[in-house]
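Each chain is listed here by its residues.
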Amino acid sequence: MYSTDDSYEQNCTISLLKKQISQNGQENGHHNGGMHRSQSAAQLGRMGACSNGRRKSSACSSRSQSPTLSTSLKEQINSYIAAGDQWFSLEYFPPRTPSGAVNLLARLDRMFEGKPLFCDITWHPKGNPAGHTETSSIEIAKAAVNYCGLETMLHMTCVNNSQDAVDAHLNRVRDGGIRNILALRGDVPGNLSWEPTPGGFNYAIDLVKHIREHFGDAFTICVAGYPKGHPDAESYGEDLRHLKAKVDAGADFIITQLFFDAEDFLSFQRDCRRIGITVPIIPGVMPIQGYHSLRNLVQLSKLEIPQEILDVIEPIKENDEAIRNYGIEQASRMVQKLFDSGEVFGLHVYTLNREVATISILKKLGLWMSEPRRALPWKMTANHMRKEDVRPIFWGSRPKSYVYRTKEWDDYPNGRWGDSSSPAFGELQDYHLFYLKHKSSKEQQLKMWGEELTCPEDVFEVFSCYLSGEPNKYGTKVKQLPWNETEIVKETSVLVDQLISINRRGVLTINSQPCTNGKPSTHPIAGWGPPGGYVYQKAYLEFFTSRENIAALLDVLQDYHPRVNYHVVNHTGKDDITNADRQRPIAVTWGVFPGSEILQPTVVDPISFMFWKDEAFGLWMNNWGHLYEEGSQSRQMLQHIHDTYYLVNLVDNDFVEGSILFEVIEKMLELRARKEAEGAAASEGDRELVEENFPKKIKLANDVGSENPMVQEAGK
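Participant: Is there a simple way to think about the packing of helix α9 (residues 236–248) against helix α10 (residues 262–274) in this case?
Facilitator: For the pair α9 and α10, interaxial distance at closest approach is 10 Å and the crossing angle is 60°. The pairing of α9 with α10 is recorded here as oblique in orientation. Taken as a pair, α9 and α10 cross one another with a handedness that is right-handed. In this structure, α9 contributes Tyr236, Leu240 and Leu243 to the contact, and α10 contributes Ser267, Phe268, Asp271 and Cys272. Among the residues making up the contact of α9 with α10, the classes are represented as 5 nonpolar, 1 polar and 1 charged.

Participant: What exactly am I supposed to notice about helix α14 (residues 356–364) here?
Facilitator: Every α-helical turn comprises 3.6 residues, leaving residues that sit three or four positions apart pointing alike. Among the residues making up α14, those that are buried are Ala357, Thr358, Ile359, Ile361 and Leu362. Of the surrounding secondary structure, the elements contacted by the buried residues of α14 are β2 (87–92), α5 (98–112), α13 (320–340) and β9 (346–350). Gly366 sits one or two positions beyond α14 and adopts a positive phi of about 75°.

Participant: What is the right way to read the packing of α13 against α14 from this model?
Facilitator: Helix-helix packing is described using two parameters, namely the angle between the two axes and the distance between the axes. For the pair α13 and α14, interaxial distance at closest approach is 9 Å and the crossing angle is 35°. Taken as a pair, α13 and α14 cross one another with a handedness that is right-handed. Residue-level contacts link Arg324, Ile328, Glu329, Ala331 and Ser332 of α13 to Val356, Ala357, Ser360, Ile361 and Lys364 of α14. Across the contact of α13 with α14, the residue classes break down as 5 nonpolar, 2 polar and 3 charged.

Participant: What should I look at first to understand the side chain of Gln289 in this one?
Facilitator: When you line up the elements, Gln289 lands in the loop between β8 (281–285) and α11 (291–301). In this structure Gln289 comes out as buried when scored by relative accessible area, which is 8%. Apart from the residues within four sequence positions on either side, Gln289 is in contact with Asp320, Ile323, Arg324, Thr351, Leu352, Arg354 and Ala357.

Participant: Looking at this structure, I do not really get the nonpolar core. What am I missing?
Facilitator: Core analysis: the biggest nonpolar cluster contains 77 residues, and Val459, Trp483, Phe544, Trp620 and Trp624 have the highest contact counts within it. Trp624 has contacts with Trp449, Leu453, Val459, Val462, Phe463, Pro482, Trp483, Leu619 and Leu638, leaving out every residue within four places of it along the chain. Ranked by size, the runner-up nonpolar core spans 76 residues in total, among them Leu104, Leu108, Ala251 and Leu347.

Participant: Just checking my understanding: could you explain the sheet that holds strand β20 (residues 646–652) for this structure?
Facilitator: The strands that make up a sheet pair up through hydrogen bonds in the backbone, lying either parallel or antiparallel. Pairing within the open sheet is antiparallel, and its 5 strands lie in the order β12-β15-β20-β16-β17. Whereas interior strands pair on both sides, the edge strands pair on one side only; in this sheet they are β12 (508–513) and β17 (576–578). On average, each strand axis in the sheet is inclined to that of its neighbour by 10°, with strand direction left out of account. Across 3 bridges, the pairing between strand β16 (residues 564–569) and β17 is antiparallel. Within β17, the residue paired with Val568 across the bridge is Ile577. Each of β12 and β15 (539–545) touches helix α19 (residues 496–503); the most contacted strand, β12, lies at about 160° to it. Taken strand by strand, helix α21 (residues 606–624) contacts β12, β15, β16, β17 and β20, and its axis lies near 135° from that of β20.

The rules we used
- Residue numbers here run from 1 along each chain, matching the order of that chain's written sequence.
- Under the rules for a predicted model, residues below a pLDDT of 70 receive no local features and side-chain atom pairs below 80 are neither given nor counted, while totals for whole chains, interfaces and linings still include all residues.
- Values reported for side chains reflect all heavy atoms of the structure, with hydrogen atoms and water molecules removed beforehand.
- Axes here mean lines fitted to C-alpha atoms, for a helix over just the part in contact, with angles spanning 0 to 180 degrees between N-to-C directions.
- Helical segments are the DSSP runs of H or I of at least four residues, strand segments are the runs of E of at least two, and each set is numbered from the N terminus.
- Roughly parallel means an angle under 35 degrees; roughly antiparallel, over 145; roughly perpendicular, 65 to 115; everything else is oblique.
- Note on convention: near helix rotated counterclockwise from far helix by under a right angle means a left-handed crossing. Clockwise means right-handed.
- We call two residues in contact when some of their heavy atoms are within 4.5 Å.
- Ten residues, namely Ala, Val, Leu, Ile, Met, Phe, Trp, Tyr, Cys and Pro, are considered nonpolar, four, namely Asp, Glu, Lys and Arg, are considered charged, and the remaining ones, Gly among them, are considered polar.
- Burial classification: accessible surface area is computed with a 1.4 Å probe over protein chains only, and a residue below 20% of its type maximum counts as buried, one above 50% as exposed, and the rest as partly exposed.
- Nonpolar cores were defined as sets of buried Ala, Val, Leu, Ile, Met, Phe, Trp, Tyr and Cys residues, with membership established by side-chain atoms within 4.5 Å.
- We treat two strands as partners when DSSP finds at least two bridges between them.

Shown next, in the form of structure tokens:
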């Protein structure tokens, strides 16, 4: 993005000659025909259906061969161009407030769905860019990589940075999973005259040289290019020579300053090629979104707006919607002309932290992925140091929490979860961290989850409305729950009617999946992984429910052993009942793919479940209960559920015949109703006896579970 805090150099982007890149790809030995197991999952990172028919037929197919997380951004760009594929990237600037940081991450999550090749985060000297707060450039970039799953590039400038400070910043971002730097001189805040920092760097080329000398190939380095020449350069030719010097010093690709005429970029790119610049050059495009913001930008960047654009926007300058619509059309036509030239394959959008115009342009160009395929059943991080392809199913709807709690692990499960003696999950006490916060405001949450809760049925309604999509009694759609950060996924829709039915009766589901027996990996709902494979999964159901239901459930489950594995636990962990081997995970999702070992990305692990238990119960009060005043009826209602309900997971091991888990739940509810009817006719003393016997039932169920030979063997 172009801003007063960023350098003129920061507003730039990529584009390159296919022939040169193809040669580079051959020299680098790009992908052979075989597919290794470690590659297969990540290769799907940018697969999906084209959003319209305008794209070349080769674009979708080649784009399906996405590189692995271990592949550098430089190699990814070269690979796309060698394949004749098109891609896009996006630029954002750090917000100024903590709430703005939460909103930006929510926007990055939404933009992730379109599958950008990367995003970049600008460097704001006035905003403490190297700080540890949620509004710092480094923290936003780290969050984008680790919690939003986006390959990320961080701007870094010479302003107020000594060599020692730069080294410290680079070490920190490298350790945080960032491996791409846009090296810039930067502008002094307040438009003061430029003076180098003592012990620092004078120009971007000095920064490029330093990174290459001290960090080798740890970073892909981008630099800025100016289609009309840098406004401070002596001449256009002199600016081109400076650009070539930056490339010769080690820059891997170029992003350009914004422009308004496709011919300006194409001429610039051809001039670059004539003087020997062979790296990719990506065009930077900023859609016109407002008259006054455009005027300010032009004043700062010293760009000239073509007269034909001024003639259009002057009469509508007070109509922001009309200007935005024009900006979408103008940018789309300009980029399409670049693509039609055969010399441009990528697009970098200066979003101004907005999304409507950006998504509209990308959809018009056929770059937005309307039906992205999943590389794995869960959302992957973009941190190349997290080489993992197996996770417990419990965090399926809270991937950011899982990443946070496992960030200190030295190694991550790859291929198999393995024997689990102690996963050593970190504590989740920092609910206030901006990348763990709910995206909705307190006011929005109260409208979704109830301004007042007077009985358990009010809570049941929140869960059922979330599943049905119907407005609640306040006329608001429940788009999130504390345990589910987004609206329900397609896979859940297969079970939605059954889920709504049991939630209305007090079985509060927070995770589920249907059974799948050998569906194609390209299946629109169940599919994941590379094409040509088949995927399988066992039915899974996880829920909170009352101890009265648990008493009935434990009776019912005796008739379903060993087909159904179960784990039942209360908030303290004192009641902990399972018929599964406590040391061995149960595979609940796996896939078979060409030229690959079997992938087993999702498991039910009893030990991990006990760590998840603390988080799942904690969300009742930390994310929901805190909305209400201490001592209020609503808060007391949630505290009651937290204290008395149980967390249950059920696995149906027969994935061929179809799931019986809802049958189990229905029998539980029927048995509970029958016992309540019998209890109504019993004397008060008999009812007290039943209440006293509940702990004995728990102990008996635990004893029955321990008779499982697998459990006995594990205990030896």
